[in-house]
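Listed below are the residues making up each chain.
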Amino acid sequence: MSLPRLGVNIDHVATIRNARGENYPSPLKAALLAQKFGADSITIHLREDRRHIRDKDLIEIKKKLKIPLNLEMAPTKAMLKISLKYKPKYVCIVPEKRKEITTEGGLNLRKNSSLIRKIIRELKKKNIRTSLFIEPDIEDIKIAKKIQADCIEIHTGKICNLYNKKQKTKDEFKKIQKSVNFANNIGLEVHAGHGITFSSAALLSKIKGIKEFNIGHFLIGESIFIGIRNCIKKFKKILKK
Ligand code: PXP
C-alpha cells in the first residue's frame, strides 16, 4: 500500500503576518520551502473574512507552486467563482462560520447537498479534484458519494482533542476506521485533518486506508522551534508507520 501524502496547511504563516500588518512572514515562502522539504501538496483556506490567507496569496502561490495546491473554501457562489478562475488542482469544501476560531466541524451535507453538488459539477468541468470535509459519519459519506465528490476529508478534531486531554480515544478511533473502510469500499478516497500533532499523528497513522493528511496549526507552530524542514520530515516519518 502507498504511503499517505502530507498536505501542509500554511494559513497560520499568514495569521502571523497579518497580526502586524507587515508583508512578512511570507506564505509563498512557506509554501515553497514546504515543497522543497517534502510536502506533497500545499493547503490554504481562503476564508470569507480573509483573516489569514488573502486573494493575493492564492494568486502568487498558484503561480509559483509545482506541487498541487489544495484550496479550502466555503460552499458559496463567490468562492466557486474564485476557484474556477484560479484553478487550484484540488478543492476541499469546508463549512465556515464567521465567529469560529477554526473549522469546528464537518459539513452538514443533509442540508447543503444540492448547492455542493452543483459546485462539484462545476469544479469537475475544470478537472479540479473535490473533497468534502465531513465528520466520520456513514450517512454523510453516502451523500458525499451520491453528489459525486472525489474524496472526503474526515475531521479529526474530536479524536485529537481527546488525545491531547489524555481521554479515551477508542470509540472515536473505531468510528473513524469504520468510516474510512466504508468510504474506501464505495470508491471514495479518504483524507484526514484538523488538530493533528506529532503524537496524535502517530495514533492516526494506525488507521488504515487514509491517503492524505492535511496538517497546519501545529506544524507551523512547531516550525518556530525546530524549523519547517525538520517538522515536515518528522511528520512524514510518523505517518509512514
Ligand atoms: N483540513 C481542513 C479541511 C481544515 O479546515 C483544517 C483547518 O483549517 C485542517 C485540515 C488543518 O487543521 P490544523 O490547522 O488544526 O492542523
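In this report, we go over the structure that sits alongside the text. (Residues numbered from 1 in each chain as written. Predicted model: local features only at pLDDT ≥ 70, side-chain atom pairs only at ≥ 80, totals over all residues. Heavy atoms only, no water.)

### Some remarks on the layout of surface pockets
As a volume, the largest pocket reaches approximately 530 Å³. What lines the largest pocket is a set of 24 residues, and nearest its centre among them are His-12, Thr-102, His-194, Gly-195 and His-217. Those elements giving two or more residues to the lining of the largest pocket turn out to be α1 (11-20), β8 (212-215) and α10 (217-226). The leading source of residues in the lining of the largest pocket is α1, at three residues. (1 Å grid on protein atoms, 1.4 Å probe; cavity = no way out; pocket = protein on both sides within 12 Å on 5 of 7 lines; lining within 4 Å. Points joined across faces, edges and corners; volume = space filled by probe spheres on them. Helix = DSSP H or I, 4+ residues; strand = E, 2+ residues; numbered from the N terminus.)

### Details of the nonpolar core
Ranked by internal contacts, the top residues of the largest apolar core, which has 69 residues, are Ile-10, Ile-42 and Leu-132. Excluding its chain neighbours within four sequence positions, the residues that come into contact with Ile-42 are Val-8, Ile-10, Ala-31, Ala-34, Gln-35, Leu-65, Ile-67, Pro-68, Leu-69 and Asn-70. (Core = buried A, V, L, I, M, F, W, Y, C linked by side-chain atoms within 4.5 Å. Buried < 20%, exposed > 50% of the residue type's maximum accessible area, 1.4 Å probe, protein only. Contact = heavy atoms within 4.5 Å.)

### Let's talk about the site of the ligand
Lining the immediate surroundings of the ligand are 14 residues, of which Glu-72, Glu-153, Gly-195, Gly-216 and His-217 lie closest. Taking Glu-72, its side chain carries an N or O atom lying 3.0 Å from an oxygen atom of the ligand. Within the contact set of the ligand, an oxygen atom lies 2.8 Å away from a backbone nitrogen or oxygen of Gly-216. Here the ligand has 390 Å² of accessible area as a free molecule, and 95% of this is covered by the chains. Split into classes, the residues belonging to the shell around the ligand amount to four nonpolar, eight polar and two charged. (Near = heavy atom within 4 Å. Polar contact = N/O pair within 3.5 Å; in protein donor to acceptor, adjacent residues only side chain to side chain. Areas by Shrake-Rupley, 256 points an atom, 1.4 Å probe, with all protein chains shown as cover. Nonpolar A, V, L, I, M, F, W, Y, C, P; charged D, E, K, R; others polar.)

### Regarding the packing of aromatic side chains
One pass over the structure, following the stated rule, counts three aromatic pairs. Between Phe-198 and Phe-218, the ring centres sit 5.0 Å apart and the planes meet at 80°, which makes this aromatic pair edge-to-face. Taken together, the residues Phe-198 in helix α9 (residues 198-204) and Phe-218 in helix α10 connect sequence positions 20 residues apart. A residue is classified by how much of its surface remains accessible, and Phe-198, at 11% relative accessible area, is buried. Consider the rings of Phe-218 and Phe-235, whose centres lie 6.0 Å apart with planes at 85°: the pair is edge-to-face. Of this pair, Phe-218 sits in helix α10 while Phe-235 sits in helix α11 (residues 228-240); the two residues are 17 residues apart in sequence, bridging distant segments of the chain. By relative accessible area, Phe-218 is classed as partly exposed at 23%. Looking at Phe-235, the relative accessible area reads 0%, which means it is buried. Through a chain of ring-to-ring contacts, the aromatic side chains of Phe-198, Phe-218 and Phe-235 assemble into a single cluster. Positioned above the aromatic ring of Tyr-90, the side-chain terminus of Arg-129 is 3.3 Å from the ring centre. (Phe/Tyr/Trp six-rings, centres within 6.5 Å; stacked < 30°, edge-to-face > 60°. Lys NZ or Arg CZ within 6 Å of the ring centre and 35° of its normal.)

### Here's the deal with the pairing of strand β4 (residues 90-93)
In β4, alternate side chains face the same way, and those of Tyr-90 and Cys-92 on one face and Val-91 and Ile-93 on the other are all buried. Direction of pairing for strand β3 (residues 69-73) relative to β4: parallel, over a ladder of four bridges. Paired with Met-73 across the two strands is Ile-93, which belongs to β4. Between the parallel pair β3 and β4, the chain is carried across by helix α4 (residues 77-86), and the sense of this crossover is right-handed. Note: β4 against strand β5 (residues 129-134), four bridges, orientation parallel. Of the residues in β5, the one forming a bridge with Cys-92 is Ser-131. Assessed by its sense of winding, the connection that carries the chain from β4 through helix α5 (residues 109-125) to β5 is right-handed. (Pairing = 2+ DSSP bridges. Right-handed = clockwise from strand over helix to strand, strands pointing away.)

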